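Coordinate analysis (summary)
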Amino acid sequence: MIAAVTWIIGISLDKGEFLIRDALLMLFLYAFFSIIFEIFETIITKKNNEEITEKTNIQFSNATEKEKNSLDSKKTTEDDDVDDDNYVDNYMDDEDYYSKKTEKTNVKFSDVAGIDEEREQLEEIVNFLKYPQRYTENGAKIPKGILLDGEPGTGKTLLAKAIAGEADVPFFQTTGSSFEEKLVGVGASRVRKLFSKAKEESPCIIFIDEIDSVARSRYKGTSDSEQTLNQLLAEMDGFNSDDNVIVIAATNHIDILDPALTRSGRFDRHISVPMPDILAREKILQVHARNKKFEEDISLKEIAKKTVGFSGADLKNLLNEAVIYSVNNGNGIITKEAIEESIARILVGLKKRNAAITEEERRMTAIHESGHAIISAKVRPEVKNFGISIIPRGSAGGYNFFDSADRTYRTKTELFQQMQVSYGGRIAEEVIFDDISSGASTDLEEATRIAYQMTMKFAMNDTLITKISGENDFNTHLYSIKMDEVEKLCQEAYDSAYAIIQENKTQLLELANLLIEKEYLSQEEVEKFLKEAYS
Ligand code: ADP
Ligand code: ZN
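What this report covers is the structure whose coordinates are included nearby. Please read these numbers as outputs of a predicted model, since none were measured by experiment.

Examining the coordination of the zinc ion (ligand 2)
- Donor atoms from the polypeptide that coordinate the zinc ion (ligand 2) comprise His368 (NE2), His372 (NE2) and Asp443 (OD), at 2.0 to 2.1 Å from the metal.
- Taken in chain order, the donor set of the zinc ion (ligand 2) reads H-x3-H-x70-D. A residue pair is termed a helical-turn pair when its members lie 3 or 4 positions apart in one helix, as His368 and His372 do in helix α14 (residues 359–379) at four residues. For the pair His368 and His372, one class covers both residues: buried.

Here it is as C-alpha cells:
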C-alpha cells in the first residue's frame with residue numbers, strides 16, 4: 001500500500017506535473033482509506049459495546065456472589081435478578097441478541113416467595129422438561145405453552161427463570177414489543193429465528209414477556225403484529241413431540257389476548273400470579289433481606305403490614321432504598337427510620353427537599369391532613385393510622401397512611417366511612433380557613449368514585465337494587481336515577497363528616513399544630529396524641 005502511494009507521488013514529482021490519471025488515483029485512495037477508517041470505527045464501537053455489557057455482567061455476578069454463598073447455589077452464569085432488557089437493546093444483531101439468552105439461570109423456586117399454591121403446577125412443568133420421555137412414552141402430550149398473568153412486578157419473569165433454573169435448562173428471554181418493528185415481516189422473522197435457535201438448544205424455555213403487544217385480539221392489533229402472532233402460533237403448532245421447548249408468556253392484560261392464543265395445544269395452561277398478600281409480602285421481604293443487615297428492633301412482619309399494594313418488585317426496591325438510605329445516613333445497617341423513609345419514597349415519589357413551600361401552605365396541608373386523620377379516628381377507630389406527614393413528596397403535599405387490610409370485600413359501612421375520611425381534608429380547610437385549596441381534588445374524586453361504585457356496581461342504595469353493568473345502560477332513565485343516588489350518597493357523607501369536624505375543631509387544631517412542629521407523626525405518635533386529646 002505504502003509502496004503504491006510512494007510510487008504515485010514519486011511519478012507525479014518526477015514528471016513535475018500533476019496528471020489526471022494521478023488525480024483519479026488519489027481519489028481512489030481517498031475512498032479506499034475512508035472505507036478502512038469506517039471499518040475500524042465500527043470495530044471499535046462494537047468492542048466498546050461489548051465491554052459495556054461485559055462490565056454489566058461482572059456487576060451482576062458480584063451482586064449475586066453473596067447470595068450464591070448463602071444459598072449454596074451451584075453456578076452463576078447470568079444474573080437472576082436484574083432486568084437486563086436494556087442491555088439486550090444494545091444488540092443490533094438478532095443472532096447476538098438471542099445467543100446471549102441461552103445461558104442457564106441459577107434462580108430456584110426458593111428465590112420466589114409466596115408461590116406455594118402454584119408450586120405443584122410448577123414442579124410438573126419442571127418434570128416435563130427434565131423427564132419428557134416419562135410422559136411421551138405413556139402417550140401424554142407435553143404442554144407447549146404456559147401463560148402467566150399478573151400485575152407488573154409480581155415475579156412472572158422470576159418464576160419463568162426459576163422453572164428454567166430448577167430444570168437446569170437454557171432460558172431464552174424476549175419481549176413481545178421486541179417483535180414490533182417498523183418493517184413489516186421483521187417480527188415474524190425474529191420469531192422464526194428464535195424458535196429455530198431454541199430447538200437447537202432443546203430442552204429449553206422461551207420466555208416472552210408482554211405477549212399482549214403481539215397477541216392483541218386481531219381487531220385491535222396492527223397487520224404486522226398479526227403476522228408475528230401467526231408466526232408464533234405456527235411455530236407452536238409445528239412443534240414435534242421431541243422438540244421439548246416450553247414457551248412461557250407473561251401478560252398483565254389477559255383480557256385483551258387473542259383467543260387463538262389460548263386454544264388447546266398453544267397457551268393452554270394458565271397460572272395466575274397475584275399481588276402478594278401480607279404473608280407473601282413477609283416471605284418476599286425475607287428473600288431480599290438475606291444479604292442485608294437490620295437493626296434488632298426491625299420486624300419484617302411489621303414492614304409487610306405497612307406495604308399493602310406493594311408488588312414483589314416494590315418490596316425489593318424498598319429494601320434496596322433502605323440500604324442506600326442507611327449507607328448515606330449511617331453505617332449501612334437498616335434502621336426503622338430508613339424503612340419508613342423508603343416506604344414513603346416508593347409510595348409517593350421522592351421527597352421534594354428543596355421545594356419552596358410557604359408557611360401558609362404548610363399550615364393548610366397540616367389542617368387538611370389532620371382533617372382526614374380526625375374523621376378516620378372518629379368513624380372507624382379500629383383502622384390503624386400508620387403515620388401522617390406534611391412533607392411534600394411527588395405531587396402530594398402530605399399524606400395519611402391508613403392500614404388498608406387486604407380484603408376482597410368491603411361492606412357498605414366501610415365504603416361510606418372511606419368517603420367520609422376522603423371529605424375530611426377538604427372540610428377541615430373549609431371550617432378552619434373559610435376557604436378551600438385545590439389540593440383536595442383527588443380526595444373529592446375518590447369519594448365520588450366510591451359512591452359511583454357503590455351505586456352502579458354494588459347496588460348498595462336503600463331503594464335501588466338494580467345493578468348497572470356497562471355502557472349500554474348509559475342512556476337509560478335508570479342511569480340518571482342512579483346518578484342522583486350517587487349525588488345523594490356524596491352529600492350524606494359530606495354532611496356527616498362536616499358535623500364531625502365542627503365538633504372536633506379543638507382536637508383538629510391541636511393535631512395540626514403538632515404536625516407543623518414535627519412534620520411527620522409515626523403510628524405511635526398519632527395513637528399517643530389521640531389518647532391524650534380525647535381523655
Ligand atoms: P414481572 O415479570 O411480573 O414484571 P419480575 O419477575 O420482573 O416481575 O420481578 C422483578 C423483581 O422483583 C424480581 O427480579 C425479584 O427480585 C422481585 N420479586 C418479584 N416477585 C417476587 C417474589 N414472589 N419473590 C421474590 N422476589 C420477587
Ligand atoms: Zn387529602
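Brief notes about the side chain of Gln420
- Here Gln420 is to be found in helix α15 (residues 412–433).
- According to the relative accessible area criterion, Gln420 is buried, its value standing at 6%.
- Excluding anything up to four places from it in sequence, Gln420 contacts Ile375, Val379, Ala493, Ser496 and Ala497.

Here we look at the sheet that holds strand β6 (residues 385–389)
- In spatial order, the strands read β7-β6-β8; together these three strands make up an open sheet with antiparallel pairing. The sheet is open, and its two edges are formed by β7 (399–402) and β8 (520–522), each paired on a single side. Across the sheet, the mean angle separating the axes of adjacent strands is 10° when strand polarity is ignored.
- Docked against the sheet, α14 engages β6 and β7, running at close to 25° with respect to β7.
- Running at roughly 110° to β8, helix α18 (residues 505–518) makes contact with β6 and β8 of the sheet.

Side note on the packing of aromatic side chains
- All chains considered together, the criterion is met by five aromatic pairs.
- The interplanar angle of 20° and the centroid separation of 5.9 Å between the aromatic rings of Phe171 and Phe207 together place this pair among those described as stacked. Of the two residues, Phe171 sits in strand β2 (residues 171–175) while Phe207 sits in strand β3 (residues 204–209), which places them 36 residues apart along the sequence.
- Take Phe171: its relative accessible area is 1%, and that puts it in the buried class.
- Ring geometry for Tyr494 versus Tyr498: centroids 6.1 Å apart, planes at 40°, classification tilted. One end of the pair, Tyr494, and the other, Tyr498, are both in helix α17 (residues 477–503), four residues apart, so they sit about a helical turn from each other.
- Connected via pairs of aromatic rings, a cluster forms that spans Tyr423, Tyr494 and Tyr498.
- Over the ring of Tyr131 we find Arg134, and its NZ or CZ is 3.8 Å from the ring centre.

Quick notes on the rules
Residues numbered from 1 in each chain as written. Chains lettered and ligands numbered in written order. Predicted model: local features only at pLDDT ≥ 70, side-chain atom pairs only at ≥ 80, totals over all residues. Heavy atoms only, no water. Donors = N, O, S within 2.8 Å, 3.2 Å for Na, K, Ca; no water. Helix = DSSP H or I, 4+ residues; strand = E, 2+ residues; numbered from the N terminus. Buried < 20%, exposed > 50% of the residue type's maximum accessible area, 1.4 Å probe, protein only. Contact = heavy atoms within 4.5 Å. Pairing = 2+ DSSP bridges. Axes fitted to C-alpha atoms, helices over the stretch in contact; angles between N-to-C directions. Phe/Tyr/Trp six-rings, centres within 6.5 Å; stacked < 30°, edge-to-face > 60°. Lys NZ or Arg CZ within 6 Å of the ring centre and 35° of its normal.

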